[in-house]
Amino acid sequence: MDAVSRLLDLARLGANVDKRCLLGGTTRMDVEGYRELQAPFHAVLEGECQLVVGTRVLEMRQGDVVLLPGRAPHRIVTGGPGRLRGTIDTAGDAFVSTRSKGSGPAVVDLFCGHYTFDAGAGAVFFRSLPDPLHVSCGESDGDAEMLAMLSTMMRAEAQRGTKGTAAILSALATVLLTMVLRSARTVTTTPALWTAAADPRIATAIESILATPGADWTIERLSRTAAMSRATFLRHFSQETGMTVGVFLVRARMMAAADLLSSTDATVGAIAGQVGYQSESAFSRAFRAEIGMTPARF
């Protein structure tokens, strides 16, 4: 299994499309903060808009997706003629339809939803992502073609709104996140999106750690895996992932440990050994620092 697929499996991912927004004119839509273990997303299928979160203003165009792992309150703004308008929601069986108040034809087609994940591997994984994460899926040839097909399917299913629509939109939203995580075309995001490391040598090291997190991963061994000198590897790894090798290795091991704790009957001591810790107490300290509770409590 490849790294991105493995990570989404570990996260116990769920996907929900909350709204389809057809906005026109000058419109402002305020979005409240989401609950813990949720991460909201917005995907622009057509048109342009702004997403305002804190002091940051993200310019979003067709093919852009923004993920907010920190679940902060934010605002969607569309530009156009006339006075500023709010939005009107119409409840449906699968999702809410949102339109601008008293505006003309829609110029922005926007899907808004959220991902859910577990308190172990999922929380560690989403916390490792840039916040906000702004990706353009419509610029590379392969992703642009896939996004066009995905947009068509999402629109068609949203218009149909019949039995199974919620399940189909959920599956398509999962596809969308997968495209985001493997896309190297971040727009305004720093640090880098580590799941889409552009340097194939660093990507090889990442894949190796995720495949066998319990191995004896010294800097020397990882630099050999990446076919780099030690100093060059450390520099490139930080540039490509936005974190040190040590931080990444701990997070990878804690994600694997959380999965083992929730899916097997192995003891804490046995799991500590499986993810690379010779000392159960050292493992417990690392686990608590990342997850927020002891392995036994988890």
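Everything here concerns the structure above.
Per chain, the residues get numbers from 1 upward, laid out in the order the sequence is written. Note on the predicted model: pLDDT of at least 70 is required for a residue's local features to be given, and 80 or more for side-chain atom pairs to be given and counted; whole-chain, interface and lining totals, by contrast, use all residues. Hydrogen atoms and water are omitted, and side-chain values are computed over all heavy atoms in the structure.

Novice: I keep staring at the pairing of strand 3 (residues 38-46) and nothing clicks. Help me out?
Specialist: Each regular strand shows side chains that alternate between the opposite faces of the sheet. Throughout this description, buried means an accessible area under 20% of the type-specific maximum (1.4 Å probe, protein chains only), exposed means over 50%, and partly exposed covers the range between. A run of DSSP states H or I qualifies as a helix once it reaches four residues; a run of E qualifies as a strand once it reaches two. Both are numbered from the N-terminal end. Most of strand 3 sits inside the fold, with 8 of its 9 residues counted as buried. Bridge count for strand 3 against strand 10 (residues 108-116) is 8 bridges, and the pairing is antiparallel. Opposite Glu 46, over in strand 10, you have Asp 109 as the bridge partner. Any two strands with at least two DSSP-identified bridges between them are counted as paired. Here strand 3 runs beside strand 6 (residues 64-67); their pairing, made up of 3 bridges, is antiparallel. Bridge assignment links Ala 43 to a residue of strand 6, and that residue is Val 65.

Novice: In this structure, what is going on with the environment of Cys 137? I would like to understand it.
Specialist: Along the chain, Cys 137 turns up in the loop between strand 11 (133-136) and helix 3 (141-160). Overall, Cys 137 belongs to the buried group, its relative accessible area being 0%. Residue contacts are counted whenever heavy atoms from the two residues lie within 4.5 Å of one another. Ignoring any residue separated from it by four or fewer positions in sequence, one finds Cys 137 in contact with Gly 63, Val 65, Asp 143, Ala 144, Leu 147, Met 179 and Val 180.

Novice: Would you take a moment to explain the pairing of strand 8 (residues 87-91) for this structure?
Specialist: Strand direction decides the pairing type here: strand 8 and strand 9 (residues 96-100), joined by 5 bridges, are antiparallel. By the bridge assignment, Thr 90 is partnered in strand 9 with Ser 97. A loop of 4 residues connects strand 8 with strand 9, the two strands running antiparallel in sequence.

Novice: I would appreciate a short explanation of the packing of helix 5 (residues 200-211) against helix 7 (residues 230-241) in the present structure.
Specialist: Two packed helices can be described by the angle between their axes and the distance between those axes. Lines are fitted to the C-alpha atoms to define the axes, a helix being fitted only along its stretch in contact, and any angle between axes, read from their N-to-C directions, falls within 0 to 180 degrees. Where helix 5 contacts helix 7, the two axes come as close as 10 Å, and the packing angle between them is 85°. With respect to each other, helix 5 and helix 7 are oriented roughly perpendicular. Contacts between helix 5 and helix 7 pair Arg 201, Ile 202, Ala 205 and Ile 206 from the former with Phe 233, His 236, Phe 237, Glu 240 and Thr 241 from the latter. Note on residue categories: nonpolar means Ala, Val, Leu, Ile, Met, Phe, Trp, Tyr, Cys or Pro, charged means Asp, Glu, Lys or Arg, and polar means any other residue, Gly included. When the residues that make up the contact of helix 5 with helix 7 are grouped by side-chain class, the tally is 5 nonpolar, 2 polar and 2 charged. The cut-offs work like this: below 35 degrees is roughly parallel, past 145 is roughly antiparallel, 65 to 115 is roughly perpendicular, and the gaps in between are oblique.

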